[in-house]
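# Geometric and topological summary
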Amino acid sequence: SIVVVDEVVGQWIALAGMTSPDWKGWVGAFLLFRLFDIWKPPPVRQLERLRGGGGIMADDVMAGLYGALVLFAAGRLGWY
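In this report, we go over the structure that sits alongside the text. All values derive from a computational prediction rather than experimental measurement.

### What to know about the side chain of Gln11
Inspection of the secondary structure assignment puts Gln11 in helix H1 (residues 5-15). Each residue touching Gln11, except ones within four places of it in the same chain, is listed here: Ala29, Phe30 and Phe33.

Structure, rendered in structure tokens:
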């Protein structure tokens, strides 16, 4: 389909980690979410294996959480 809800949810979760809403935060959230969604560090890959639509959603939610945590830490350290 045109809109993939799991990707949208994961991206919005990553955006929640911004400490200042500027273009650097938006770009960082996008790149970090994509990195974790493609790389799939534990437990992202394991969540993907859940049955039904839950696994499809859960792996992107976890990738978004990882992205949000890294983005938040980077913001608190003054890296963006």
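### Considering unusual backbone geometry
Note that the residue after Pro42, namely Pro43, is joined by a cis bond; omega there is 0°. Along the polypeptide, Pro43 turns up in the loop between helix H2 (23-39) and helix H3 (44-48). Here the phi dihedral of Lys40 falls at roughly 55°; this positive angle occurs in a residue that is not glycine. Positionally, Lys40 belongs in the loop between H2 and H3. Taking relative accessible area as the criterion, Lys40 reaches 14% and is therefore assigned buried.

Cut-off values and rules
- Residues numbered from 1 in each chain as written.
- Predicted model: local features only at pLDDT ≥ 70, side-chain atom pairs only at ≥ 80, totals over all residues.
- Heavy atoms only, no water.
- Helix = DSSP H or I, 4+ residues; strand = E, 2+ residues; numbered from the N terminus.
- Contact = heavy atoms within 4.5 Å.
- Buried < 20%, exposed > 50% of the residue type's maximum accessible area, 1.4 Å probe, protein only.

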